[in-house]
Amino acid sequence: MMRRITRRRFLEAAASLPALVSAPAFGRTVSASRWTELGRTWLRESSVVLALKSGQLLPLGDDAGPVHELADFATLSDRFPDIARHFLFEYYPWYGAEPWRHWDAASRKPPDDMATHYVPRLGAYDSRDRSIIEKHARWIAGSGVGSISLSWWGAGSYEDETVHAVLDVMKDHGISVSFGLEPYANDRGARLTSDVLYLMREYGEKRGWDAFLILRNEDGSESPVFKGFRCILPEAIVDCHGSRQAVLDHTPDAVWRQQIDLLRRELRWDFERVFLLADSLDFGRTPASGFDGVGIYDNFISPEHYDPLARGASAAGLVFSFNINPGYDEILLRDVPDASCYQPRPFAPVTFPLDWNRQEDRELAAVLSMGRIRDSLTATLRTQCDSALSNYRRGFFLVYINSFNEWHEGHAFEPMKDDAELSVAERTSGYHNPSYGGYRLEVLTEGIRSLVYPPSGEPRGRA
């Protein structure tokens, strides 16, 4: 029977945090609403990107290990009876209408001119609309994926106010919910313990854990899991002019360690483990900060690098999760105040130019994205089924899928409109929709069901 955290212990822990946590002085704090504005001007850069900007080289090598046969993956459903829950879509509850939220980013004017290169099949929807969440849940459940990682921007934020509605619907479809902790304030690193306790109290304990993701590890132990974005940051980066710029939301490693140690003490009698992952490839600072492992968000890290990176993480005593993704096709900024250093990231998985006005090139992009989905799925499963690496040794398995509906960056698995369905107004905006807009979810579904589930093809681990 699952161990449950009592209301009393949660309230006691939360009440004692101000006296227990001492954080150094930080730079100017950015409120949750201000972070939303920063996101709208596309400054959401990961720990990996900022490491590159600080001059740090990524540990990308060619030291590949033994190649596993696909048959190895068939044992996953035996090792993890709740296997569906170990696949998580990155899920974004931040879209709004009346007034517009996020669809109008980068100077766009929805509903026909949206901050995305692809028109969603559901149009410019509102994340709080229950009928929209219902459609999302049906698509997710049908794919064989059993969990989502909900983008969370602090207590009381727009995204936080949407959580209960998402949980209610996902629960009805057998989908569990975890949380991706976003950089909602400069000092949010010093709030990690109170944030996690808040999430577990409000959306776990108070709801009887009806939809909260509790991973069942291979040895039968049960663990909540959280992933942070922009965690292991440099103190400064160098811009394109060679000027040093302070990273205002840099959290010292000692603060992360203090927070994580405190959190583990508070929960030590309630769960065998709480897995905390950082979006980092720094295999020195990440374990020093107290994180259990790395969960990489960036789709520009190609699948051929998953194996050597997994070996680097394992050597550092970290678990790892490298994502399944269709590539990257970021929306272009308009009216950038200082565009001197603005350089859009190229379309991934290739960098040669595509003429998006040509139907042939849009179809080619779809074919390339299908290849990236298959390659990243196979590569991430191979690393996690390698008996020499930490995930297998520790009986841990977790795969993030980036993403269900981050439309700004062009990697949504949520179905888009078929090209023929675009309206005249939408067509003039130059969207990249191919002839069939459901191809990504179909390829993912085919891959997960053929490689992971038993011969019957029936998902396991939803009950």
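Starting from 1, residues in each chain are numbered consecutively following that chain's sequence as written. It should be noted that, the model being predicted, local features are given only for residues of pLDDT at least 70 and side-chain atom pairs only at 80 or more, the latter also being counted only at that level, while totals for whole chains, interfaces and linings use all residues. To get the side-chain values, all heavy atoms of the structure are used, and hydrogens and water are removed first.

S.K.: Explain the overall build of the protein to me, using residue names and the numbers behind them.
M.R.: When you go through the protein residue by residue, the secondary structure sums to 14 helices and 12 strands. Across the protein, contacts joining residues at least 24 apart in sequence account for 76% of those joining residues at least 6 apart. For the area figures, the Shrake-Rupley method with a 1.4 Å probe applies, and any residue is considered shielded solely by the protein chains shown. If you sum the accessible surface of the protein, you get close to 17900 Å²; carbon and sulfur atoms cover 52% of it. Here a helix means four or more residues in a row that DSSP labels H or I, a strand means two or more in a row labelled E, and each is numbered from the N terminus. Should any heavy atoms of two residues lie within 4.5 Å, those residues are considered in contact.

S.K.: Got a sec to walk through the sheet that holds strand 2 (residues 147-152)? Specific residues and values, please.
M.R.: Strand order in the open sheet formed by eight strands is 11-10-9-6-3-2-1-12, and the pairing between neighbours is parallel. Whereas interior strands pair on both sides, the edge strands pair on one side only; in this sheet they are strand 11 (319-322) and strand 12 (399-401). On average, each strand axis in the sheet is tilted by 30° relative to the strand beside it, whichever way the strands run. Orientation is described by lines fitted to C-alpha atoms, with helices fitted over the stretch in contact, and by angles between N-to-C directions that extend from 0 to 180 degrees. Helix 11 (residues 359-384) contacts strand 1 (87-91), strand 11 and strand 12 of the sheet and is inclined by roughly 170° relative to strand 11. At least two DSSP bridges between two strands are required for those strands to pair.

S.K.: Any details on the packing of aromatic side chains? Residues and values, ideally.
M.R.: Only rings of Phe, Tyr and Trp enter the pairing, Trp through its six-membered ring, and a pair is recorded when the two centres are within 6.5 Å. The plane angle decides the type: under 30 degrees is stacked, over 60 is edge-to-face, the rest tilted. Inspection of the entire model under this criterion finds 25 aromatic pairs. Summarising the aromatic geometry, the rings of Phe212 and Phe226 are spaced 6.2 Å apart at their centres and angled 65° between planes, so their arrangement reads as edge-to-face. A residue pair is termed long-range when its members are at least 10 positions apart, and Phe212 in the loop between helix 7 (192-203) and strand 4 (215-216) and Phe226 in strand 6 (residues 225-228) qualify at 14 residues. As far as burial versus exposure is concerned, Phe212 and Phe226 are alike and both buried. For every residue, the accessible area (1.4 Å probe, protein chains only) is compared with the maximum for its type, and the residue is labelled buried under 20%, exposed over 50%, or partly exposed between those bounds.

S.K.: Could you give an account of a nonpolar patch on the surface, with specific residues and numbers?
M.R.: Patches draw on residues past 30% relative accessible area with no salt bridge. Two like charges within 9 Å are joined, as are two nonpolar side chains (Val, Leu, Ile, Met, Phe, Trp, Tyr) within 5 Å. Salt-bridge detection follows one rule: a side-chain nitrogen of Lys or Arg within 4 Å of a carboxyl oxygen of Asp or Glu. A surface patch of nonpolar side chains, amounting to about 250 Å² of accessible area, comprises Phe352, Leu364 and Val367. Residue position: Phe352 is located in the loop between strand 11 and helix 11. Its relative accessible area of 41% is what places Phe352 among the partly exposed residues.

S.K.: Give a description of the confidence of the model for the protein that names residues and reports values.
M.R.: Do not read the predicted coordinates in detail wherever pLDDT is low. Summary of the metric used: pLDDT quantifies the predictor's per-residue confidence within the range 0 to 100. Mean pLDDT over the protein: 86, with 84% of residues reaching 70 or higher. Confidence drops under a pLDDT of 50 for residues 1-43, and excluding neighbours within four residues, the segment shows 90 contacts in the predicted structure.

S.K.: Lay out the side chain of His411 with the relevant residues and their values.
M.R.: Turning to its location among the elements, His411 is positioned in the loop between strand 12 and helix 13 (424-427). Residue class for His411 comes out buried when judged on its relative accessible area of 0%. Two N or O atoms form a polar contact when they lie within 3.5 Å of each other; inside protein one atom must be a possible hydrogen donor and the other a possible acceptor, and for residues adjacent in sequence the pair counts only when both atoms belong to side chains. Polar contacts involving the side chain of His411 include one to the side chain of Ser403, which spans 2.9 Å. For His411, the side chain forms a polar contact with the side chain of Glu409, separated by 2.7 Å. Residues within four places of His411 in sequence aside, it is in contact with Tyr297, Asn299, Pro326, Gly327, Tyr328, Asn402, Ser403, Glu406 and Arg440.

S.K.: Outline the pairing of strand 1, supporting the account with residue identities and numerical values.
M.R.: Among the five residues in strand 1, five count as buried, and that is most of the element. On strand 1, burial covers both faces: Phe87, Phe89 and Tyr91 on one face and Leu88 and Glu90 on the other are all buried. With three bridges connecting them, strand 1 and strand 12 associate as parallel partners. Looking at the pairing, Phe87 lines up with Val399 of strand 12.

S.K.: Which residues make up the packing of helix 5 (residues 130-143) against helix 14 (residues 439-451), and what are the values?
M.R.: The N-to-C vectors of helix 5 and helix 14 enclose an angle of 35°; their axes lie 8 Å apart at closest approach. Residues Trp139, Ala141, Gly142 and Ser143 of helix 5 pack against Leu441, Thr445, Ile448 and Arg449 of helix 14. Each residue receives one of three labels: charged for Asp, Glu, Lys and Arg, nonpolar for Ala, Val, Leu, Ile, Met, Phe, Trp, Tyr, Cys and Pro, and polar for the others, Gly being one of them. The residue makeup of the contact of helix 5 with helix 14, split by class, is four nonpolar, three polar and one charged.

S.K.: Describe the nonpolar core, with residues and values.
M.R.: Note on terminology: a nonpolar core comprises buried Ala, Val, Leu, Ile, Met, Phe, Trp, Tyr and Cys residues joined through side-chain atoms within 4.5 Å. Counting residues in each nonpolar core, the largest one holds 92 residues, and the members touching the most others are Phe87 and Phe179. With seven residues, helix 7 is the single largest residue contributor to this core. Apart from residues no more than four positions distant in its own chain, Phe179 is found in contact with Ser149, Leu150, Trp152, Val163, Leu199, Tyr203, Phe212, Val225, Phe226 and Lys227. Membership of the second largest hydrophobic core comes to 15 residues, among which are Tyr306, Leu318, Phe320 and Phe322.

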